[in-house]
2 protein chains.
Amino acid sequence: MLENLKLSGKLPKEEYNRIMENLGVHLGLVQRKAREAKRPVILVFEGWRGARRSLIINKMMQQMDARGFNVYSVVHLTEEERQMPFFHYFWKHLPAKGNISVYHRSWYYQKNECEVSLRDATHKWNATTFEHINTFEKELTDDNYILLKFFLHVSEKKQKENLAKNYKTLGKAWREVSPAYDETGRYEEFLERYEKMLAATDTVNAPWHLISANDSRQAQIDIFTAIVEGIEAALKTKNVEEALPVYPNNSYDVLSTLALDKDITKEEYKEKLDKYQERLTTLQIEMFRAKIPVVIGFEGWDAAGKGGAIRRLTAALDPLGFNVNPIAAPNVVERQFHYLWRFWTRLPRPGTVAIFDRTWYGRVMVERLEGFATAREWRRAYEEINDMEAQWAEHGIAIAKFWLQIDKDEQYRRFKEREENPYKTWKITDEDWRNREKWDAYEGAVNEMLVRTNTEHAPWTIVEGNNKYYARLKILKTVIDLFEKKLGKD
Amino acid sequence: MLENLKLSGKLPKEEYNRIMENLGVHLGLVQRKAREAKRPVILVFEGWRGARRSLIINKMMQQMDARGFNVYSVVHLTEEERQMPFFHYFWKHLPAKGNISVYHRSWYYQKNECEVSLRDATHKWNATTFEHINTFEKELTDDNYILLKFFLHVSEKKQKENLAKNYKTLGKAWREVSPAYDETGRYEEFLERYEKMLAATDTVNAPWHLISANDSRQAQIDIFTAIVEGIEAALKTKNVEEALPVYPNNSYDVLSTLALDKDITKEEYKEKLDKYQERLTTLQIEMFRAKIPVVIGFEGWDAAGKGGAIRRLTAALDPLGFNVNPIAAPNVVERQFHYLWRFWTRLPRPGTVAIFDRTWYGRVMVERLEGFATAREWRRAYEEINDMEAQWAEHGIAIAKFWLQIDKDEQYRRFKEREENPYKTWKITDEDWRNREKWDAYEGAVNEMLVRTNTEHAPWTIVEGNNKYYARLKILKTVIDLFEKKLGKD
């Protein structure tokens, strides 16, 4: 794609000043328009070292309002950030609605760097493919993020000139300030690499803008024009929902076949509980030492016993090694981002356990059934969720997902008990009763979810929950097995 | 304080179970009450290694709702966190209104660790005194945070027993999981240290709860009872504002004596601007290499030229080395915290520049005059702000604060110009005109602020602003001088 890009020509300074006066005003203008329309914008700057990326971004910043405008770069990532999954940094720094995030080197550089100047050949990021990148970008543009990607192309000669200039100004400090990998002396090799990258990631929803950057003034004009036009065009696009294909009316049935009434005595329970918790305490320490992160998600009917099961689990864990994330309807901050943002930003540090009391599966249950997500949104969520979990698993995160199943009669008994116990009434609300009326619709959605997101790397464990003792032990045992498997003890 | 604490006695298990059944319910109850009353709670657990802190915190967590409940510890701080000022980690993790933050080892441990097992004898945290700690805690309790501090005391014999037990369970992994400094064999020395610490920080607003932890069951009962009673009592306290002393009617005058109309030609401006910006570019690199963080705050009348000055400053800086933080009225998230929280959490990383377009001084200007802060709140703000800046300066942060001064006629001219320029009208609102009517009241508050917060470590630079060229150059020159001073070039 780069070979036909014209690298010659030079824009006279007067001409540049004349165009820029008007263009600068328009940059500020589209920023305000995007803010008013509450559309988040991501600008990606990739390309050769020495293509004057910093200069161009700085020029742009002079025209932009600093409110809601942030610049990021992956060249100065901390060790802590490098221990998280590949896309974690980018999820964490997603722009909120109406804001702009600028990437001075982004996920593209991060992927190249893995291969080119790897500090650690066994680093988990190496497994990241261009398909992962395309999926990530698709999730953003599907959610109405405006994504513009620029590749700044310079000739080998121009690169040498610019780098020599940088070295002259900054001297030895230059490598510290700008520790990106060096392409010099390997221009042809990198040209081939970049061509492949551009071809593999030039998608309909996020095409590359190839910028001839030999003449930095012309490059500025081209980039800023593309930003103004790109944002204007995106804002004009009405969200016309194309007709969706008819949804397959598959009848999945996972739940109705379960034998829910497992029998277990209190004595047997107590004995096994002690044993399991003791085992878990030891295993948590080993997981900590092995730096293996863990994600445990709990879903299930209201009053199915999620809270009690989580307490029996955490009772065995060191309080510094886990946290419990209760997930309710997204709050005012969370609503400013992609729906998966609040899960990515709660990922466990190496060696620790993140427990989710309700999870990202709300998208295909409550959000689907109550209309908080459009058909287009919840339909694509199965794939998005499977992909997210696959990325986590590839990064070495141990994942357990529990569905706590009780039958309708058992739920009725528990609701009544909560109403009658003065210390539990706060746990039961009118909404719980209202949700109960939609049992059948939820059951259909749950069945579908359990089938479509039951993957090898993140399988569902369905827990027969009418007997709380049985349920808790099954959950503890499943977590123990998972830890042992991850530690190579199975 | 510890010598008279009774360490003998043992609570029978049946008695413990009987008390705990009721106490556990009440722990959950006061948590919900604090949440409803929107009062943030901080629980600090300090004391001897081997006092079974983790066990007690875990027991508490079993009774608490995970929503809005977080446990932190300073034993696993990252290198990145250790590079920020002493209290940064604690400001960052302040509980939002209605939430609970638990510290399994807090600022007390962090201070002790500096002195006891210092990794770096020149670390800036060493300068932190008990007065700093008392000030920090006072700022929290003044702002209605409920702060309960527990010191878990055990005898030397009991400590040895408990540590031996830990070692037996966890083996060699123990030191990795719990890397706190070791007191064994130095009990008397540490006893003295802790006595001093407790005496120096046992304040009216944040007294220590000394807990006899030889018997862990009794310790739990004592701590949980103190939490229940402490939160209940705090919630009952009506915010009765004691009569404030009459406010001194000092007539400060800084502004009226200024000669605002500085003369400078466009040619001279352009020439100097180029020179200054070039110098700044070089100095920024040196500051980056020296890892010196920089905070630059801009205050001034509406239309005084803050935005234009900031742009001339940032034009010289590498976009990866600075950010601009525009400060408006606190948003819905920021309102959940102490008013200084949003500044502490925006502190620059080592070697980078954080620019604030309006600052924490809003507390003693707009918040004072518009009644967003009570008299009690804004009166104590001068001291709080001076203390915050002193802490930053002690940590080595370079601080510049600018007040951009224009006269009332000049403001009128600029307002009119903005109204008439189609590209600038968005910059002027009815509120600007309304604020202008309160010029005299603001002038009084500004004069007082400039006098009372003009400290050696963070002096104000008052910028004569009627001539924009002069103002911009003065600001650039001041920043250059600051950088050179910090780099030892003055």
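Computed from a prediction, not measured in an experiment: that's the story for all the values here.

**Some thoughts on the overall build of chain A**
For step 1, the next point in the chain: Of the regular secondary structure elements, chain A holds 19 helices and 10 strands.
For step 2, the next point in the chain: Expressed as lengths along the three principal axes of its C-alpha atoms, the size of chain A is roughly 85 × 50 × 40 Å.
For step 3, the next point in the chain: Within chain A, buried positions represent 36% of all 490 residues.
For step 4, the next point in the chain: Within chain A, counting contacts between residues at least 6 apart in sequence, those at least 24 apart form 85% of the total.

**Description of the relation of the copies chain B and chain A**
For step 1, the next point in the chain: For these two chains of identical sequence, chain B goes onto chain A by a turn of 180° and a shift of 0.0 Å along the axis, with RMSD 0.0 Å. Taken together, the turn and the small shift mark the pair as related by a two-fold rotation axis. The rotation axis passes nearest to the C-alpha of Val333 of chain B in chain B, at a distance of 3.7 Å.
For step 2, the next point in the chain: Looking at the interface residues of chain B, 100% of them are also at the interface in chain A, so both copies use one shared face.

**Looking at the environment of Glu81 of chain B**
For step 1, the next point in the chain: One can find Glu81 of chain B in helix H3 (residues 79-82).
For step 2, the next point in the chain: Measuring from C-alpha to C-alpha, the distance between Glu81 of chain B and Ala304 of chain B comes to 37 Å, with 223 residues separating the pair along the chain.

**Remarks on the sheet that holds strand E10 (residues 460-464) of chain B**
All names here are of chain B.
For step 1, the next point in the chain: Pairing within the open sheet is parallel, and its five strands lie in the order E7-E8-E6-E9-E10. Edge positions in the sheet fall to strand E7 (322-326) and E10, since each has one partner strand and no second. Sheet twist, expressed as the mean angle between neighbouring strand axes with direction ignored, is 20°.
For step 2, the next point in the chain: One ladder, built from seven bridges, connects strand E6 (residues 294-300) with strand E9 (residues 398-405); its direction is parallel. What sits directly across from Glu299, in E9, is Trp403.
For step 3, the next point in the chain: Set on the sheet, helix H19 (residues 468-486) makes contact with E6, E9 and E10; between it and E9 the angle comes to about 165°.

**Here we look at the interface of chain B and chain A**
For step 1, the next point in the chain: Contacts between the two partners involve 37 residues from chain B and, on the opposite side, 37 residues from chain A.
For step 2, the next point in the chain: At the level of secondary structure, the elements contributing two or more residues to the side of chain B that touches chain A comprise helix H1 (13-36), helix H2 (53-63), strand E2 (69-72), helix H8 (173-177), helix H11 (266-289), helix H12 (306-314) and E7 of chain B.
For step 3, the next point in the chain: Considering every element that reaches the side of chain B that touches chain A, the biggest residue donor is H2 of chain B, with five residues.
For step 4, the next point in the chain: A breakdown of the residues in the side of chain B that touches chain A according to their chemical character gives 19 nonpolar, 10 polar and eight charged.

**Structural notes on the sheet that holds strand E3 (residues 100-104) of chain A**
All names here are of chain A.
For step 1, the next point in the chain: Spatial ordering of the open sheet is given by E2-E3-E1-E4-E5, a layout of five strands whose pairing is parallel. Of all the strands in the sheet, the pair left with one neighbour each is strand E2 (69-72) and strand E5 (208-212). Neighbour-to-neighbour, the strand axes of this sheet turn through a mean angle of 20°, independent of strand direction.

**Focus: the packing of helix H1 (residues 13-36) of chain A against helix H10 (residues 216-236) of chain A**
Residues and elements named next belong to chain A.
For step 1, the next point in the chain: Axis separation between H1 and H10 bottoms out at 9 Å; the angle between their running directions is 30°. Comparing their axes, H10 and H1 come out roughly parallel. For the crossing formed where H1 meets H10, the hand is left-handed. Residue-level inspection shows Tyr16, Ile19, Leu23, His26, Leu27, Val30, Lys33 and Ala34 of H1 in contact with H10, the latter providing Arg217, Ile221, Phe224, Thr225, Ile227, Val228, Ile231, Glu232 and Leu235.
For step 2, the next point in the chain: Taken together, the residues of the contact of H1 with H10 sort by class into 12 nonpolar, two polar and three charged.

**Focus on the domain arrangement of chain A**
Residues and elements named next belong to chain A.
For step 1, the next point in the chain: Taken as a whole, chain A is organised into domain 1 (13-236) and domain 2 (266-486).
For step 2, the next point in the chain: Taking only C-alpha atoms into account, the centre of domain 1 sits 38 Å from that of domain 2.
For step 3, the next point in the chain: Contact residues are listed per partner, giving 19 residues for domain 1 and 16 residues for domain 2.
For step 4, the next point in the chain: Secondary structure elements with two or more residues in the side of domain 1 that touches domain 2: helix H4 (88-92) and helix H6 (130-142).
For step 5, the next point in the chain: Split by residue class, the side of domain 1 that touches domain 2 holds nine nonpolar, four polar and six charged.

**As for helix H10 (residues 216-236) of chain B**
All names here are of chain B.
For step 1, the next point in the chain: Taking 1.5 Å per residue, 21 residues should reach 30 Å; H10 reaches 30 Å between its end C-alpha atoms and fits that length.
For step 2, the next point in the chain: All of the buried residues in H10 are Ala219, Gln220, Ile223, Phe224, Ile227 and Ile231. The arc that holds the buried residues of H10, viewed along the axis, is 120°, so those residues lie on one side. For H10, the exposed residues set more than 90 degrees away from the buried face come down to Ala233 and Lys236.
For step 3, the next point in the chain: As for H10, its buried residues are in contact with H1, strand E1 (41-47), H2, strand E4 (146-153) and strand E5 (208-212).

Cut-offs applied
- Residues numbered from 1 in each chain as written.
- Chains lettered and ligands numbered in written order.
- Predicted model: local features only at pLDDT ≥ 70, side-chain atom pairs only at ≥ 80, totals over all residues.
- Helix = DSSP H or I, 4+ residues; strand = E, 2+ residues; numbered from the N terminus.
- Buried ≥ 20, exposed ≤ 12 C-beta atoms within 10 Å, placed from the backbone.
- Contact = placed C-beta atoms within 7 Å.
- Least-squares fit on C-alpha atoms with pLDDT ≥ 70 in both.
- Pairing = 2+ DSSP bridges.
- Axes fitted to C-alpha atoms, helices over the stretch in contact; angles between N-to-C directions.
- Nonpolar A, V, L, I, M, F, W, Y, C, P; charged D, E, K, R; others polar.
- Parallel < 35°, antiparallel > 145°, perpendicular 65-115°, else oblique.
- Left-handed = near helix turned anticlockwise from the far one by under 90°.
- Domains from an automatic or database assignment.
- Expected span 1.5 Å × (residues − 1).
- Arc of directions from axis to C-beta.

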